[in-house]
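# Overview (structure and organization)
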Amino acid sequence: CPVIREYARSNTVIIDGFLGNKVRGYTNRLASLLQCEGYTHPLFIMQANGGVSLPDEMSPIGTLGSGPCGGIIAAQYIGEHLGHRNIITTDMGGTSFDVGLIVDGFWRLDREPVVERMHITWPMIDIESIGAGGGTIAWIDPVTRQLKLGPQSAGADPGPVCYDNGGEEPTVTDANVVLGYIDPDYFLGGRIKLNRKKAEETIREKIAEPLDMGTIEAAAGIFDLINGHMSDLIRRQVVTTGRIPEEFVIYAFGGAGPVHAASYGANLGVQKTYIFPTSAVFSSFGIAAADLMHTLTVSERLVMPVRAEELNKRIRSLKERLLRVAEREGVRREDARFRQTLLMRYRRQLNELDLPIPDREHSDEDILEILESFHKHYEDVYGEGSGYPEAGVELISVSVDLIGPAPKPALRRYPYVGAKPDDQAFKGIRQVYFSTVHDFLETKIWDYHLLQPGNMVLGPAIVETPITTVVVPPRYQARVDEYKNIEIEEAATR
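Attention here is on the structure that accompanies the text. Keep in mind that this is a model prediction, so the values were computed, not measured.

What follows is about the overall build of the protein. The secondary structure content of the protein amounts to 9 helices and 25 strands. When the backbone C-alpha atoms are referred to their principal axes, the protein occupies close to 70 × 60 × 50 Å. Per-residue burial over the protein gives 51% buried out of 494 residues. Here the contacts in the protein between residues at least 6 apart in sequence split such that 65% fall between residues at least 24 apart. Taken as a whole, the protein presents about 23,000 Å² of accessible surface, with 51% of it coming from carbon and sulfur. Seen as two clouds, the 51 positive and the 67 negative side-chain charges of the protein have centres 3 Å apart.

On to the nonpolar core, then. By size, the foremost hydrophobic cluster in this structure holds 66 residues, and its most contacted members are Ile88, Phe97, Tyr181, Ile234, Tyr264, Ile486 and Ile488. If you tally residues by element for this core, the top one is helix H5 (residues 215–239), at 10 residues. Those residues in contact with isoleucine 88 that lie beyond four places of it in its chain are Val99, Gly100, Leu101, Ile234, Val238, Phe248, Val249, Ile250, Tyr251 and Val270. Ile45, Tyr77, Phe106 and Tyr274 belong to the second-largest nonpolar core, a separate cluster that totals 37 residues.

Moving on to the packing of aromatic side chains. The tally for this structure, following the rule as stated, stands at 17 aromatic pairs. With a centroid separation of 5.9 Å and 65° between ring planes, the pair formed by tyrosine 181 and phenylalanine 434 is classed as edge-to-face. Residue tyrosine 181 is found in the loop between helix H3 (172–178) and helix H4 (196–208), and its partner phenylalanine 434 is found in strand S19 (residues 426–434); the two are separated by 253 residues along the sequence. Here the aromatic cluster, defined as three or more aromatic residues joined through ring pairs, consists of Tyr77, Tyr251, Phe253, Tyr274, Phe276, Phe282 and Phe285. The ring of tyrosine 186 has lysine 427 lying over it, and the distance from NZ or CZ to the ring centre is 3.5 Å. Against the face of tyrosine 448 rests lysine 484, its NZ or CZ located 5.3 Å from the ring centre.

So, on to the packing of H4 against H5. Closest axis-to-axis distance for the H4/H5 pair is 9 Å, and the angle between their directions is 80°. Here H5 runs roughly perpendicular to H4, going by the angle between their axes. On the side of H4, the interface is formed by Glu200, Ile203, Arg204, Ile207 and Ala208, while H5 contributes Thr215, Ala218 and Ala219.

Right, let's talk about the sheet that holds S19 for a bit. Sheet architecture is open: 4 strands sit in the order S19-S20-S22-S23, paired in mixed fashion. Every other strand in the sheet has two partners, leaving S19 and strand S23 (469–472) as the edge strands with one partner each. In this sheet, neighbouring strand axes are inclined to one another by 25° on average, regardless of whether the strands run parallel or antiparallel. In the sheet, strand S22 (residues 461–464) pairs with S23 via 4 bridges, with the strands oriented antiparallel. Its bridge partner being in S23, glutamate 464 is matched across the sheet by threonine 469.

Along the polypeptide, asparagine 176 turns up in helix H3. Each C-alpha atom of the pair asparagine 176 and glycine 134 lies 8.7 Å from the other, and the pair is 42 residues apart in sequence.

Along strand S3 (residues 87–92), 6 of the 6 residues are buried, which leaves the element largely enclosed by surrounding structure. Alternating positions in S3 separate into two faces, Ile87, Thr89 and Asp91 on one and Ile88, Thr90 and Met92 on the other, with burial throughout. Direction of pairing for S3 relative to strand S4 (residues 97–103): antiparallel, over a ladder of 6 bridges. Considered in S4, the bridge of methionine 92 is made with phenylalanine 97. Counted along the chain from S3 to the antiparallel partner S4, the turn is 4 residues long.

This part covers helix H2 (residues 66–82). Because an α-helix completes one turn every 3.6 residues, residues spaced three or four positions apart along the sequence face the same direction. For H2, which comprises 17 residues, the first-to-last C-alpha distance of 25 Å matches the rise-based estimate of 24 Å (1.5 Å per residue) to within 8%. Judged by how many residues are buried, H2 sits mostly within the fold: 12 of 17 residues are covered. Every buried residue belonging to H2 is among Ser66, Cys69, Gly70, Gly71, Ile72, Ile73, Ala74, Ala75, Gln76, Tyr77, Ile78 and Gly79, and all of these are buried. Looking one or two places after H2, you find glycine 83, whose phi comes out positive at around 80°.

Let us look at the pattern of salt bridges. The tally for this structure, following the rule as stated, stands at 38 salt bridges. The salt bridge partner of aspartate 291 is arginine 337, with a shortest N-O separation of 3.7 Å. Residue aspartate 291 is found in the loop between helix H7 (282–288) and strand S15 (292–303), and its partner arginine 337 is found in strand S16 (residues 337–346); the two are separated by 46 residues along the sequence. Of the residues examined, arginine 337 reaches a relative accessible area of 42% and is grouped as partly exposed.

Attention now goes to the side chain of glutamine 47. Along the chain, glutamine 47 falls in the loop between strand S1 (45–46) and strand S2 (52–53). Using a relative accessible area of 7% as the deciding quantity, one classes glutamine 47 as buried. In terms of polar contacts, glutamine 47 uses its side chain to reach the backbone amide nitrogen of serine 59, at 3.3 Å. Once you skip the residues sitting within four places of it in the chain, glutamine 47 turns out to touch Ser53, Met58, Ser59, Gly62, Thr63 and Ser66.

Reading the values: the criteria
- Residues numbered from 1 in each chain as written.
- Predicted model: local features only at pLDDT ≥ 70, side-chain atom pairs only at ≥ 80, totals over all residues.
- Heavy atoms only, no water.
- Helix = DSSP H or I, 4+ residues; strand = E, 2+ residues; numbered from the N terminus.
- Buried < 20%, exposed > 50% of the residue type's maximum accessible area, 1.4 Å probe, protein only.
- Contact = heavy atoms within 4.5 Å.
- Areas by Shrake-Rupley, 256 points an atom, 1.4 Å probe, with all protein chains shown as cover.
- Lys, Arg positive; Asp, Glu negative; His and termini not counted.
- Charge placed at Lys NZ, Arg CZ, Asp CG, Glu CD.
- Core = buried A, V, L, I, M, F, W, Y, C linked by side-chain atoms within 4.5 Å.
- Phe/Tyr/Trp six-rings, centres within 6.5 Å; stacked < 30°, edge-to-face > 60°.
- Lys NZ or Arg CZ within 6 Å of the ring centre and 35° of its normal.
- Axes fitted to C-alpha atoms, helices over the stretch in contact; angles between N-to-C directions.
- Parallel < 35°, antiparallel > 145°, perpendicular 65-115°, else oblique.
- Pairing = 2+ DSSP bridges.
- Expected span 1.5 Å × (residues − 1).
- Salt bridge = Lys/Arg side-chain N within 4 Å of Asp/Glu carboxyl O.
- Polar contact = N/O pair within 3.5 Å; in protein donor to acceptor, adjacent residues only side chain to side chain.

What follows is the structure, encoded as structure tokens:
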């Protein structure tokens, strides 16, 4: 791990060594089991830098946090099909809410992530999480008497009160059932029956009565508060890029995400929110779409403008090392793609900024353009006038990614059939509470699998699938696109 900052560097080596035997033992057992079951292809393991690797070539520390990275990879892949280069990825499951960003067509890497309170120096896709999921528990602060949410969660066992499996604390899912968003008789396509009455009683007893409010008001407070927490996290992430939420679209996934996505999207002023046929298993879909990838980073600490040949020599060395690894994994040299990144800062600063640069042999003129790009990028992130070219610029580290293209899952396209849904797609009407009007509204319920590309559904509406529920608030509309994704936006914008 030949990079600056000895503390994080030492942690990286120690944790990697600590995990090594455990992770390799697991992958060896998995490979043997798959072979016994008839699987004859290579086994690739997901890495947190955004790619997969053979077990013999992976870094055990690279598996930390690698699962949620699949959602970012899926978002980038689908974004290429839909023409989206700036995407907010939101993954709301049972326990947590994970946010990542695609900026200018690529995800952001955290070069010094924190793992169990320890700084490490290993590139991971930048994903930030909070305790905000369907199982997040609502409670009242005994000192301030205010409604609080999380971080504690009911988990899957015993789960929310409405699961009728022993849960005793009110959760976000319980509130969603009480407000009418989730049909108690159609959870997981009807395989599980939810107990709405018990959810109402628990919210009334533990939230509504102590706060001297009605049960519905308390449930709506839980719904609005969790949406506020999620909006705050998204806004905080976006601001670090020097952009605003309105410049992005939202991709919502996870089992609980589509229930809340339109609401937190509206809080942020985002124009469009997307839900996918694979939303409940989006990270798995992304891992299936991942390319082989390896990353090498070396600290140099050179004063800019450096001589072009000096930089080219270091990049060529990193590429050659990466190619030797990729060849052992079956990637031909001519198929390999590279991504170059320089980590730069003004002199006497402590932190660097990542600056992607073109993958080519650089000239002295290119070096001057890189220097100008750094000044612009710095002010994009920290604000106009924040740059200080007079201090001089240091090139601290050089990083190169090798990408070995892998086969991708095909996205099936369907023909458009018109805006009016087929009558068979209409499931009925139920009363659903919306905070924007502070009341229950008659809400049309639609069967997602019977909607066709081009179909338009006006809010208030709910689109149900066996694995998730999509809420379309009043004054919004949902359209099914050619890939059977659901696109939600304000009705007035069309």
